Amino acid sequence: MTANTTASQRIAELRQQLAEASRAYHERDEQIIPDIDYDRLMRELQALEAAHPELDSTDSISHQVGGKPSSRFAEVTHAVPMLSLGNAFSDEEVRDFVRRIDERLRRPHLMFSAEPKLDGLAINLRYENGVFVQGATRGDGATGEDVSANLRQIKVIPHTLEGQGWPEVLEVRGEVYMPRADFERYNEHARLHGGKVLANPRNGAAGSLRQLDPKVSAQRPLSFYAYGLGEVRGGELPPTHSATLAQLARWGFPVSDLCQVVEGADGLLAYYRDIGERRDSLAFDIDGVVYKLDDREGQQEMGFVARAPRWAIAHKFPAQEQTTTVEAIEVQIGRTGAATPVARLKPVHVAGVVVTNATLHNADQIARLDVRVGDTVIVRRAGDVIPEVVSVIADRRPEGTQPWQMPHTCPVCGSEIVREEGEAVWRCSGELSCPAQRKESIAHFASRKAMDIDGLGDKYIETLVDAGIVRGVADLYALQRDQLLVLKLALDAADPEALASQLGLHLAPEGSGDTLNRVLKLDAGDAGWRAQSLSVPAGFQWNTKKIATKWADNLIAAIDSSRSTTLERLLFALGIEHVGESTAKALSQWFGDLELVRHLPWPLFKRVPDIGGEVARSIGHFMAQPGNQQAIDDLLARGVQINDQHAPNARLRGELTLATLLQDLEIPKVTPVRARQLAEAFPSVEAIRDESAHTFVTAGLPADTANALVAWLDVDANAALFSAAGAALQQLLVRTPEMQEQAAGPLDGQTVVLTGTLAQMNRDDAKARLEALGAKVAGSVSKKTSFVVAGSEAGSKLDKANELGVEVWDEARLLAFLADNGQAS
DNA sequence: GATCCTCGAGTTCA
DNA sequence: CTCGAGGATC
């Protein structure tokens, strides 16, 4: 095959792909390949055609601008063609652009008008004698569609011009777009009322403008910014682009206030960076910025190349969206057993990083998108960082794919995967017998906000667990330096036999695992393979320099220093379901000591604000497992110490009554009113326990309530819980004298939210200090928020605060306040 | 019973 | 950061 046939094949291929994409984009408002790919393919085609002029043809898509207009609307031939712009993707290309102008014009100060490039739909508005007469889409650049009726529905487009001095014929060009917030609101409404959900603001704008019924179009929240001119007759306009925009604004057109005049390539690049940083906080989507030589005389001198002016260029942001293929859909098991499907993607660059994984959240989301293995998908890194699959490109689905289904068994331990009634998540039922859950729970235990064991990364946890050295969190505190050294040696060893003989270890037979496992496992007969007691012989020759000893020493030291901890950290570290950072803190503050929390009957936990039945039961359930109690015993036996134990909070005192207890037990039919009645009629739990329904009725309870109570007490487990709770209540009340009064802080009862980056301290630090003054530090802004502390680059939370009229402090004010109240750094 | 608010849990990559 | 769901409140 000659080079030429290869090229001609490729050209044909490219032309077909591009034509297809172009048709979909312009006629059906669908994007079947992302812009970035389209641009890349177009460049490839142009390059090939330039290199092989004999294969070029005038009707190639590379010589057209956009697609053919659809036939539903009247055609409009533009008096002045609507051209597209050349693209720049790098600083270098921008400098080239400026250099070309500089070389031709030879002027001292090159001034440019820089503007955001809105991601919408370009249109041309025609005014004759100051009255709007026609509006058209760009179409293929030469002819577009008459969408005047729909454009008249857009409030910001003037029907008649304001002010005076406008030309007889004035054509204004600009972008119709849909503001993000309106797009969201519209979709929310559509979802609730079964309307058409829009894919993104750009498609929303395009689709809306091309509705045949202007009434439908009127419902869509469209807006407009002017950025240029078409035909102008019978009038003078200012000599620069920037002054023209100002003039357009005076005539009543919306002009973006982000437009700026800057000088030279450096000015352009600074503008680009500035807008790039503000991109996410803008009210609309942009896909780059546009630079135009400001003075019109210079523009004329520069002229045009085939499809674009030489005096303007679009500087695009790195693609936020990319296509790639789904190589597999795997299931990850989290600490709680939650089974999360994750798409393994063919690696692809998106917005500066290589993305290989994207969460698919849960089975419902997969079903909604209908993502299948082998699919080509569009991946996005939205405003935040986390990649997500936006949509599947249906046309590129290979034959014979099946809809994805949640597996029935756990990929790690083989246990059944089940879904609770009414819940969205599927869970592996293996609990701690599932290695994945065990590893995750150990990782959680060691994490920064829990026991904070530095240096114990996922990899090491994995090997420690696989090797059987660590089976539960308490085993971490029994780790020996030698075990870690051998572990590291085995991980790096090329020759297991040699290593084993050097260390004097018995080696598991080949095929019983990788090098590491063969070194670590010892034949224990029928019991299977077990970790052997590992040690490095005295005088062992380390054959590589300083191998691993540093790491092992550091880890042992980190584990050691984590022994001294707080109740809050330990409770959080245990990984009790529904007990996160803040619930752990509440438990620690209200009850003060571990023994109390370990043995308290669950209904009493409900006395703590923000703990309800679900959370209370979960704590009780955790503490009722012998294995968990054993683990706590082991931790304490191996030197874990809680340094902040104290007496229960005195505020509990008023809460601990027979009436509240009766409510908290969740006895059927026993409402708060009935609970109070019972508490008044009977002095204690013991007095109620063995009574008959008749006695309760005599005491004033309705018969059905009395019967329900007796029936409930008749169940042994309930009776036991009842007695235990009564005893615990008494015990706590007996401790009344030692209960702690909480010191009143200046921020008592206030809720504070931190946002943005603080320069002088980190977030956790600021949080701790505010809490020391009595404040509650919350994660989201609501009308109950007392004030918001905004650091630099504050985002949505600051907006929300402004929206709700919540007071906002800057960092200086916070620092001053902290200093005034004895919490200076 | 509905609504608002907060917490927990899960996730990516340099 | 976002979603889902638990808790508090009316």
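Further up the page is the structure itself.
Each chain has its residues counted from 1, running along the sequence as written. Both sets of labels track the order of writing: A upward for chains, 1 upward for ligands. For this predicted model, a pLDDT threshold of at least 70 governs which residues receive local features, and a threshold of 80 or more governs which side-chain atom pairs are given and counted, while totals over whole chains, interfaces and linings are taken from all residues. Here the side-chain values reflect all heavy atoms present in the structure, with hydrogen atoms and water set aside.

### Topic: the sheet that holds strand S4 (residues 121-128)
Sheet strands associate in pairs through backbone hydrogen bonding, adopting either a parallel or an antiparallel arrangement. For clarity, the cut-off: Any two strands are treated as partners once DSSP identifies two or more bridges connecting them. Only DSSP runs of H or I covering at least 4 residues are called helices, and only runs of E covering at least 2 are called strands; the numbering of each starts at the N terminus. Note on definitions: angles span 0 to 180 degrees between N-to-C directions of axes, and those axes are lines fitted to C-alpha atoms, for helices only across the stretch in contact. We call two residues in contact whenever any of their non-hydrogen atoms come within 4.5 Å of each other.
In space, the 4 strands of this open sheet follow the order S5-S4-S7-S8, with antiparallel pairing throughout. Each edge of the open sheet carries a strand with a single partner, namely strand S5 (131-137) and strand S8 (223-233). The mean angle between the axes of side-by-side strands here comes to 25 degrees, regardless of whether they run parallel or antiparallel. Here 8 bridges tie strand S7 (residues 169-177) to S8, and the two strands are oriented antiparallel to one another. Among the inter-strand pairings, glutamate 175 is bridged to a residue of S8, identified as tyrosine 225. Against the sheet, helix H6 (residues 201-209) engages S4 and S7, with an angle of about 40 degrees to S4. Against the sheet, helix H8 (residues 241-250) engages S7 and S8, with an angle of about 110 degrees to S8.

### Points about unusual backbone geometry
For the record, the criterion: Per-residue accessibility, obtained with a 1.4 Å probe over protein chains only, is compared with the maximum for each type, and a residue is labelled buried under 20%, exposed over 50%, and partly exposed between these values.
The phi dihedral of aspartate 452 is positive, around 55 degrees, even though this residue is not glycine. Mapped onto the fold, aspartate 452 is located in the loop between helix H12 (435-446) and helix H13 (458-466). By relative accessible area, which is 36% here, aspartate 452 ends up partly exposed. At glutamate 666, a residue that is not glycine, the phi angle is positive and equals roughly 60 degrees. Secondary-structure assignment places glutamate 666 in the loop between helix H23 (658-664) and helix H24 (672-681).

### Comments concerning the side chain of glutamate 175
Cut-off, in case you're wondering: Working convention for charge: Lys and Arg count positive, Asp and Glu count negative, and His plus the chain ends are omitted. By salt bridge we mean one thing: a side-chain nitrogen of Lys or Arg within 4 Å of a carboxyl oxygen of Asp or Glu. Two N or O atoms form a polar contact when they lie within 3.5 Å of each other; inside protein one atom must be a possible hydrogen donor and the other a possible acceptor, and for residues adjacent in sequence the pair counts only when both atoms belong to side chains.
Turning to its location among the elements, glutamate 175 is positioned in strand S7. For the buried glutamate 175, which has no salt bridge, the nearest side chain bearing the opposite charge is lysine 117, at an N-O separation of 5.8 Å. A polar atom in the side chain of glutamate 175 sits 3.3 Å from the backbone nitrogen of leucine 121. Excluding residues within four positions of it along the chain, glutamate 175 makes contact with Leu118, Asp119, Gly120, Leu121, Ala122, Ser223, Phe224, Tyr225 and Tyr227.

### Structural notes on the sheet that holds strand S10 (residues 286-293)
Ordered in space as S2-S11-S10-S3-S9, the 5 strands form an open sheet in which the pairing is mixed. Lying at the two open borders of the sheet, with one neighbouring strand each, are strand S2 (86-88) and strand S9 (260-263). Strand-to-strand twist of the sheet, defined as the mean angle between neighbouring strand axes without regard to direction, takes the value 35 degrees. Bridge count for strand S3 (residues 111-118) against S9 is 4 bridges, and the pairing is antiparallel.

### A word on the protein's contact with DNA strand C
What counts here: Summary of the distance rule: residues count as near a molecule or strand when at least one heavy atom falls within 4 Å of that molecule or strand. Amino acid classes used here: Ala, Val, Leu, Ile, Met, Phe, Trp, Tyr, Cys and Pro are nonpolar; Asp, Glu, Lys and Arg are charged; the rest, including Gly, are polar.
Around DNA strand C, 10 residues are found, and the nearest of them are Ala424, Asp610, Gly612, Glu614 and Val615. When the atoms of DNA strand C within 4 Å of the protein are grouped by moiety, sugar and phosphate amount to 100% of the total. In this structure, valine 615 approaches DNA strand C through a main-chain N or O atom, which is 3.1 Å from a phosphate oxygen. Within the surface near DNA strand C, the residues separate by chemical class into 4 nonpolar, 2 polar and 4 charged.

### Things to note about a negative patch on the surface
Counted only if it meets this: A patch consists of residues exposed above 30% relative accessible area that lack any salt bridge, with like charges linked at up to 9 Å and nonpolar side chains (Val, Leu, Ile, Met, Phe, Trp, Tyr) linked at up to 5 Å. Computed with a 1.4 Å probe, the accessible areas rest on the Shrake-Rupley method; for each residue, only the protein chains presented here act as cover. In plain terms, the charge of a residue is placed at NZ if it is Lys, CZ if Arg, CG if Asp and CD if Glu.
A cluster of acidic residues, Glu420, Glu421, Glu423, Glu431, Glu577 and Glu614, forms a negative patch at the surface. Relative to the assigned elements, glutamate 614 resides in helix H21 (residues 613-624).

### Examining the environment of asparagine 649
By the element assignment, asparagine 649 lies in the loop between strand S22 (641-642) and H23. Taking the relative accessible area as the measure of exposure, asparagine 649 reaches 5% and is therefore buried. The spacing of asparagine 649 and threonine 736 is 87 residues in sequence and 9.2 Å in space, taken between C-alpha atoms. Non-local contacts of asparagine 649, meaning those with residues more than four positions away in its chain, are made with Gln589, Trp590, Met739, Gln740 and Gln742.

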